Amino acid sequence: MIKYIKNIITGIISLCEGLSVTLKHVFRKPITLQYPEQKPDLQLRYRGRLVMPVDPEKNDIRCTACMICAKVCPNHSILEIEKVIEDGKPKPKAKKYIYNLGTCMFCNLCVEACPFAAIIMSDEYALANEDKEKLILELVSEKYNLTGKKLNWWKSKFKDETINKEKVQK
Amino acid sequence: MELIKDILYNTDKILKDFYNWAYKLWSSFNLPFFILDIVFYLLITLAVAAFLVFNALFIIYYDRKVAAKFQVRYGPNRVGYKGILQTVADTIKLLIKEDINADKVDKIVFFLAPFLVFIPSFLVFLVIPFGKGLIPADLNIGILYVLAITGLSVLGILSAGWASNNKYSLIGGMRSAAQIISYEIPMVLVILSVLLLSGSLKMGDIINAQSSISKWFIFVQPIGFILFLIAGNAEINRAPFDLPEAESELVSGFITEYSAMKFAFFFLAEYTNLFLTSAIATTLFLGGWQGPFLPPFVWFIIKTYLVITLLMWFRWTFPRIRVDHLMEFSWKYLTPIAFVNLIATAILVKFI
Ligand code: SF4
Ligand code: SF4
């Protein structure tokens, strides 16, 4: 009998606790993101599609067409890299860089493998398309410009590298 | 001006005058009176049906908004101003969807079940006092009628579960039958203790017995009010007692096989039942349509929606209870407490 009454009382108390928790939540501001009007604030490391940004200091792309990224890509999403040819000799600079967005799985391996930090995953995430052909992109002629935080982050990648190299030389 | 005030505050007098005027007019034509009666009844039915549909539309919208509030989000806010037309859009979608009949269902019963669920909730409106004189029929067995009619809806749920020829539906229907029958008892006991205080089964008399705020039965019967809310919530199969349609166990219980309009009927019935339970709680415990300044009808709606909000609060707080606990809770806890409450009330009424 005592246990019975105790059961009832603890039951009521715990139910009231639950009610008070939900009541507190009613007065909180909704945390919903109203998507098409409000855009999410993405992290720096967010992996959108691959881009080859223009380095604002050199006013040119940084790629040397060394093919490392194409070799490291697990599913051959980097299809073709063509070098600039001057006076009949190939130069260390990409003329054409063809990337297949359709098969890319955003693993970031190519970005990590690139010794010159020439490519980076951008903030673009709305990538749906009606046509499969349109997913095959040419990155050099795109002349992609990074902005804001992402640009600084990208810059710090190769700036740090030059600093590191200096250290090694010392 | 005077007329508008009368319509709002003394609806019973206006209605009576209108009846008398109509009868006089009718008798000057020398036609039988039953035709006029039928016309009046049809008008009342139409008014109630219109109220029921719009009210259900609004409650669904309101439920979603309240749920969103409890979950720290916005809820529907795209269709119409603040999403007010969302349920209208949903209803239109349900209306134009294909009505699928599964292969081995029991055709007739399958077709009739949604109506069997819906009709009892429609019939209960006969004795719901919306305001002064705004009651379709003030039967002298009012509350008994409510209990008798709401008990019928279990038939619809059970036949929906049976006719679907699907094990989940059948289990859902069976659970619903067990649940409604076991929670009927504490509910009746609570209502009995209210009836001891009011001394009448008539809705009008119950409301008149609570003529001032201090006489509201919620203050005399606080335990009764809580028990009524719990049992009522279980009767209408809403969370935390939504075992008949427990998504995580039974897909969707007895509505698993239903689609389109029939599915809409189940939802209409569910939300109408929610409104009815709240309306009866208002009538029994919160003094019905009585209140200062505002017209009686407005007071009734405000109080009813308060109770609805309370039930939604429960719904979005408590997890669904397990099926053996459901029975234990009813038979071991609610029923004895309701009995003690009834006996205490009887002693109080006798000696004070
Ligand atoms: S992107 Fe980097 S790794 Fe790929 S070819 Fe250009 S420089 Fe080499
Ligand atoms: S992110 Fe991965 S899959 Fe995509 S191109 Fe780079 S290495 Fe290939």
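Scroll up to find the structure.
Residues numbered from 1 in each chain as written. Chains lettered and ligands numbered in written order. Predicted model: local features only at pLDDT ≥ 70, side-chain atom pairs only at ≥ 80, totals over all residues. Heavy atoms only, no water.

Asks: I tried to follow the side chain of B:Lys262 on my own but got confused; where do I start?
Replies: Its place among the elements puts B:Lys262 in helix α13 (residues 260-285). Other than its neighbours up to four places away in sequence, B:Lys262 contacts B:Asp99, B:Asn101, B:Phe110, B:Phe111 and B:Pro114. (Helix = DSSP H or I, 4+ residues; strand = E, 2+ residues; numbered from the N terminus. Contact = heavy atoms within 4.5 Å.)

Asks: Looking at this structure, how should I read the site of ligand 2?
Replies: Residues and elements named next belong to chain A. As a structural note, the neighbourhood of ligand 2 is formed by 14 residues, with Cys 73, Cys 104, Cys 107, Asn 108 and Cys 110 the closest of them. Spatially, ligand 2 is embedded in the second largest cavity. Here the residues of the shell around ligand 2 are counted per class, giving 11 nonpolar, three polar and no charged. (Near = heavy atom within 4 Å. 1 Å grid on protein atoms, 1.4 Å probe; cavity = no way out; pocket = protein on both sides within 12 Å on 5 of 7 lines; lining within 4 Å. Sits in = over half its atoms within 2 Å of the grid points. Nonpolar A, V, L, I, M, F, W, Y, C, P; charged D, E, K, R; others polar.)

Asks: Where do I start with the sheet that holds strand β7 (residues 136-138) of chain A in this structure?
Replies: Think of a sheet as strands paired side by side through backbone hydrogen bonds, with each pair either parallel or antiparallel. All names here are of chain A. Taking strand neighbours across the sheet as the criterion, the three strands line up as β4-β5-β7 in an open arrangement whose pairing is antiparallel. At either margin of the open sheet sits one strand with a lone partner, and together these are β4 (78-86) and β7. Within this sheet the neighbouring strands show an average axis-to-axis angle of 30 degrees, counted without direction. Sheet topology note: the β4/strand β5 (residues 89-100) ladder contains eight bridges and is antiparallel. Among the inter-strand pairings, Glu 82 is bridged to a residue of β5, identified as Lys 96. (Pairing = 2+ DSSP bridges. Axes fitted to C-alpha atoms, helices over the stretch in contact; angles between N-to-C directions.)

Asks: Can you walk me through the interface of chain A and chain B in this structure?
Replies: When the parts come together, some accessible area is lost, and that loss is often what is quoted as the size of the interface. Tallying the contact residues gives 18 residues for chain A and 16 residues for chain B. Of the roughly 1600 Å² buried at the junction of chain A and chain B (both faces included), carbon and sulfur atoms supply 64%. Counting the surface chain A buries against chain B, the share from its top three residues, A:Tyr4, A:Leu19 and A:Pro30, is 31%. For the pair chain A and chain B, the number of links is one salt bridge. For B:Arg78, the salt bridge goes to A:Glu37, with nearest N and O atoms at 3.4 Å. On inspection of chain A and its partner chain B, the count reaches nine residue pairs in polar contact (both at pLDDT 80 or more). For the side of chain A that touches chain B, the per-class residue count stands at nine nonpolar, six polar and three charged. (Buried area = accessible area lost by both parts, 1.4 Å probe. Salt bridge = Lys/Arg side-chain N within 4 Å of Asp/Glu carboxyl O. Polar contact = N/O pair within 3.5 Å; in protein donor to acceptor, adjacent residues only side chain to side chain.)

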